[in-house]
Amino acid sequence: MGGGGWAETSLQEKSFGGGTPDSLPERERPKLRHIDKYVRAELPCLSKRYTVAVLTCVGFMISFGMRCNMAMAKLQFQRINETDEADHGLGVLNNATNTAAHLPTGRDLPHKKWSVATESMVDSSFFWGYLLTQVPGGFLASKYPATRIFGLAIVTSSVLNLLVPGATEIHPTFVILVRICQGLVEGFTYPACHGIWRHWAPPLERSRLATLAFCGSYAGIVIGMPLCGLLTSAISWRASFYAYGILGVIWFVIWLWMAFERPSKHPFISLSELKYIEDSLGSTTQQSVPTIATTPWSSFLTSMPVYAIIVANFCRSWNFYMLVLFQASFLQERYNLEIAETGFLGSLPHLVMTIIVPSGGHLADTLRKRGIMSTTMVRKLFNCGGFGMEGFFFLIVAYSTTAKGATWALTFGVAFSGFAISGFNVNHLDIAPRYASILMGMSNGIGTIAGLICPIVIDNLTSDRKSESWTPVFISAACVHFCGVIFYGIFASGELQPWAEPPPEEAGMGAEALPGPGAPGGKWDPMEGSAPPPRPAVPPPPYSAVAAPDATQPLAQSTNPFAYGAVAQGGSTNPFSSSALNAAWDTAPAQDAYMSAPQPVQPEATDSYMHGSVHDRAY
């Protein structure tokens, strides 16, 4: 990502509006909050849309860092149990525990050793709740401010994370319940993120903005694994739960201060950036909010591009959650590494991926912007190439005999999979931007099924704790990715789907548009129940000379001067075509009786010449 994409006012923003920021019309700004009078809600050297992307990235870092807490805690539980068994003559210490490393006291041990079944339930319980709120999260992100939904999801999960240590001391059932609740609230995060970009991401910057936000998922693992390993080894397994819970609360306060629902509600956004975002998005953000009744479910279920995204999400979720939940166990059981070592080595692949994900997004947008490849080809190339290379390197991991070889293979494999995020994970915004958050909820919800199945399968494959048990684990992971490559390569698309357009009666109505009276037959008549008030004579010419509208005449041919924004006007019959009239209109006094007269209900204006106040309009 070059500096031009991050700058406060890029050249692209300036050229998009056809002028410099000084030549742009002034816009009415939102009222400043009390804190805004002392500290501006912005990050230095970052445009407002990239500020939102960075804050979203940090939110995902906290969210996915919390998922590393239990993986490291389980390793500590296992070591304590093995130590106690050895002290009582019930077992023999293995090489991993026969060290001078710090071993916590008995008070750190859960009341009862967890069985394989209990561990599987604890690992998968998060995804039970995560699955349930994906699609509802998409609808909520469409109906309510997506920024608020995203922030509340992260802070609620952080508060629940503070309860996990206490629940562990009581009984595994309470741990399962807390983690189910965490999954329920975090299920809103990905759909809400797509809801955020519906208002903030220009079409040619979707890949880079979305991948910058999503790379927080992998940066969270990069920081989470070593940090949790250090806190667990040096202090206690409880420390990482408390640390991430507090970090989540602090992040939420900053998020409330700096994140806004849409650009027009940001008090400090530059006019050039505001115009660039709004003009590039066009009327997509003015369309009515989809409801359960208006959502084309049958089209979703019969669209192969939708199934391609779902299959890709499932394949990626299987391997991602496999690494998050079991990579530390794999390195310890197969190569006898210490807990702190597993944290640092396990974070290396995700560190490389954190760099690859936003870089891949920038490259994908560049290929599309310059016309080198179509959007469909870009999505297929990045997704299939990333999945295929990760599957290939997983086969190398399966038969690797050294920790160094396995770590390098994992690093290259996970790094290549970073390009896939610029494929399937952004594809929702390509095929149906209006339903992107709902589609994200669907695909991520079905992908979550992988998070339910994966722990059960892997726990049973490795129940004997032998090093060779991990070979079929990585072979099966490679096969999952190869299946994803084939399906996505055949059926994926990057083009707007026909069913993604709103119904004709909703096309011009925004979420905030006033409902008009319904005419017989379901058609809306903007003039029903109201007649235009007489306009005082303002030379030239007097408005009394304008003919009254003919009710029997089609709306497209009406001479009604007040039907702007709804239909195309005729040439000579439209009084707005006179430049002299426009000048007189703009110079009319504010207390004009016409300005205070009741106006007929109109659909929301989407044409550029009706934006802003009267003095801002360019006819």
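What you see is a predicted model, and the numbers here were worked out from it, not measured in a lab. (Residues numbered from 1 in each chain as written. Predicted model: local features only at pLDDT ≥ 70, side-chain atom pairs only at ≥ 80, totals over all residues. Heavy atoms only, no water.)

Trainee: How do you make sense of the overall build of the protein chain when you look at a structure like this?
Mentor: Each helix and strand counted, the protein chain has 22 helices and zero strands in total. Burial status across the protein chain gives 55% buried among its 619 residues. In the protein chain, 84% of the contacts between residues at least 6 apart in sequence involve partners at least 24 apart. Entry remark: accessible area of the protein chain is about 25,900 Å², with carbon and sulfur atoms responsible for 66%. (Helix = DSSP H or I, 4+ residues; strand = E, 2+ residues; numbered from the N terminus. Buried < 20%, exposed > 50% of the residue type's maximum accessible area, 1.4 Å probe, protein only. Contact = heavy atoms within 4.5 Å. Areas by Shrake-Rupley, 256 points an atom, 1.4 Å probe, with all protein chains shown as cover.)

Trainee: Mind showing me how you'd approach the packing of aromatic side chains here?
Mentor: Any two aromatic rings considered together are summarised by their centre-to-centre distance and by the angle between their planes. Per the counting criterion, the structure on display carries 31 aromatic pairs. Each ring, one from phenylalanine 127 and one from tyrosine 130, has its centre 6.5 Å from the other, and the planes form 90 degrees; the classification is edge-to-face. On the criterion of helical spacing, the pair formed by phenylalanine 127 and tyrosine 130 is a turn pair, its members being three residues apart in helix H4 (residues 116-132). Classification of tyrosine 130 as buried rests on a relative accessible area of 0%. (Phe/Tyr/Trp six-rings, centres within 6.5 Å; stacked < 30°, edge-to-face > 60°.)

Trainee: What is the right way to read the nonpolar core from this model?
Mentor: Proteins that are soluble and globular tend to have nonpolar side chains buried together. Counting 105 residues, the largest nonpolar core has Trp197, Met322, Phe330 and Phe474 as its most contacted members. Looking at which element gives the most residues to this core, the answer is helix H14 (residues 304-335), with 15 residues. Contacts of phenylalanine 330, omitting those with residues within four sequence positions, involve Tyr335, Val397, Ala406, Leu410, Trp470 and Phe474. Among the nonpolar cores identified, the runner-up in size contains 15 residues, and Phe77, Trp114, Val178 and Ile180 belong to it. (Core = buried A, V, L, I, M, F, W, Y, C linked by side-chain atoms within 4.5 Å.)

Trainee: Honestly, the pattern of salt bridges in this entry has me stumped. Any pointers?
Mentor: For side chains bearing opposite charge, pairing can occur when the charged atoms are close. A full pass over the atoms with the stated rule returns 13 salt bridges. In this structure, arginine 49 engages glutamate 205 in a salt bridge whose closest nitrogen and oxygen atoms are separated by 2.9 Å. A residue pair is termed long-range when its members are at least 10 positions apart, and arginine 49 in helix H3 (residues 48-87) and glutamate 205 in the loop between helix H9 (189-200) and helix H10 (206-234) qualify at 156 residues. As far as the burial class goes, arginine 49 and glutamate 205 line up, both buried. (Salt bridge = Lys/Arg side-chain N within 4 Å of Asp/Glu carboxyl O.)

Trainee: Even after reading the chapter, I still don't get empty space enclosed by the protein, so can you show me in this structure?
Mentor: Unfilled space is identified by rolling a water-sized probe across the atoms. Counted by the stated rule, this structure contains seven cavities of 30 Å³ or more. Approximately 160 Å³ is the volume found for the largest cavity. For the largest cavity, the lining is made up of 15 residues, of which Tyr190, Tyr218, Asn313, Ser317 and Asn444 are closest to its centre. At five residues, the largest contribution of residues to the lining of the largest cavity is made by H14. When grouped by side-chain class, the residues that make up the lining of the largest cavity number nine nonpolar, five polar and one charged. (1 Å grid on protein atoms, 1.4 Å probe; cavity = no way out; pocket = protein on both sides within 12 Å on 5 of 7 lines; lining within 4 Å. Points joined across faces, edges and corners; volume = space filled by probe spheres on them. Nonpolar A, V, L, I, M, F, W, Y, C, P; charged D, E, K, R; others polar.)

Trainee: Sorry, what's going on with the environment of valine 352 here?
Mentor: The residue valine 352 is located in helix H15 (residues 339-369) in this model. Separated by 130 residues in sequence, valine 352 and valine 222 place their C-alpha atoms 8.9 Å apart.

Trainee: Mind showing me how you'd approach the side chain of glutamate 186 here?
Mentor: You can see glutamate 186 is positioned in helix H8 (residues 172-186). A polar contact of 3.0 Å, which involves the side chain of glutamate 186, links it to the side chain of arginine 67. (Polar contact = N/O pair within 3.5 Å; in protein donor to acceptor, adjacent residues only side chain to side chain.)

Trainee: Looking at this structure, how should I read the confidence of the model for the protein chain?
Mentor: Atomic detail in the predicted coordinates should be set aside for any region of low pLDDT. Per-residue confidence for the protein chain gives a mean pLDDT of 74, with 69% of residues at or over 70. In this model, residues 18-22 is a region of pLDDT below 50 whose contacts with residues beyond four sequence positions or in other chains number four contacts. Across residues 508-534, where pLDDT falls below 50, the model places 44 contacts with residues more than four positions away in sequence or in other chains. (pLDDT = per-residue confidence, 0-100.)

Trainee: Please explain a nonpolar patch on the surface as it appears in this structure.
Mentor: A cluster of nonpolar side chains, Met389, Phe392, Leu395, Ile396 and Phe482, forms an exposed patch at the surface whose accessible area comes to about 380 Å². In terms of residue count, helix H16 (residues 375-398) provides more of the nonpolar patch than any other element does, four residues in total. (Patch = residues over 30% accessible without salt bridge, like charges linked within 9 Å, V, L, I, M, F, W, Y side chains within 5 Å.)

Trainee: Honestly, the state of the cysteines in this entry has me stumped. Any pointers?
Mentor: Here, the word disulfide means a covalent bond between the sulfur atoms of two cysteines. The tally for this structure, following the rule as stated, stands at zero disulfides. Looking at cysteine 483, it has no disulfide partner, and the nearest cysteine sulfur is the one in cysteine 315, 6.7 Å off. (Disulfide = S-S within 2.5 Å.)

Trainee: Any chance you could explain H4 here in plain terms?
Mentor: Think of an α-helix as turning once every 3.6 residues; residues three or four places apart then point the same way. Taking 1.5 Å of rise per residue, 17 residues should cover 24 Å, and H4 covers 25 Å from first to last C-alpha, within 8% of that figure. By the largest-angle criterion, serine 124 marks the main kink of H4, which is about 35 degrees. All of the buried residues in H4 are Thr118, Glu119, Ser120, Val122, Asp123, Ser124, Ser125, Phe126, Phe127, Gly129 and Tyr130. (Expected span 1.5 Å × (residues − 1). Bend = angle between axes of the 7 residues up to and from the residue.)

Trainee: Can you help me understand the environment of serine 329 in this one?
Mentor: Position of serine 329 among the secondary structure elements: in helix H14. A sequence separation of 141 residues divides serine 329 from tryptophan 470, and the C-alpha atoms of the two residues are 10.0 Å apart.

Trainee: What should I look at first to understand the packing of H4 against H14 in this one?
Mentor: The geometry of a pair of packed helices is captured by two quantities: the angle between their axes and the separation between those axes. Interaxial distance between H4 and H14 falls to 11 Å at its minimum, and their mutual angle equals 145 degrees. Residues Asp123, Phe127 and Tyr130 of H4 pack against Tyr321, Leu325 and Phe326 of H14. Along the lines of polarity and charge, the residues of the contact of H4 with H14 split into five nonpolar, no polar and one charged. (Axes fitted to C-alpha atoms, helices over the stretch in contact; angles between N-to-C directions.)

Trainee: Quick question: what am I supposed to make of unusual backbone geometry here?
Mentor: In this model, cysteine 45 sits at a positive phi of 65 degrees, which is unusual for a non-glycine residue. Classification of cysteine 45 by relative accessible area gives exposed; the value is 71%.

Trainee: In this structure, what is going on with the environment of alanine 192? I would like to understand it.
Mentor: The topology assignment puts alanine 192 in helix H9. A relative accessible area of 0% places alanine 192 in the buried class. When the C-alpha atoms of alanine 192 and methionine 440 are compared, they prove to be 9.1 Å apart, with 248 residues separating the residues in sequence. Excluding anything up to four places from it in sequence, alanine 192 contacts Ala141, Ala146, Ile149 and Phe150.

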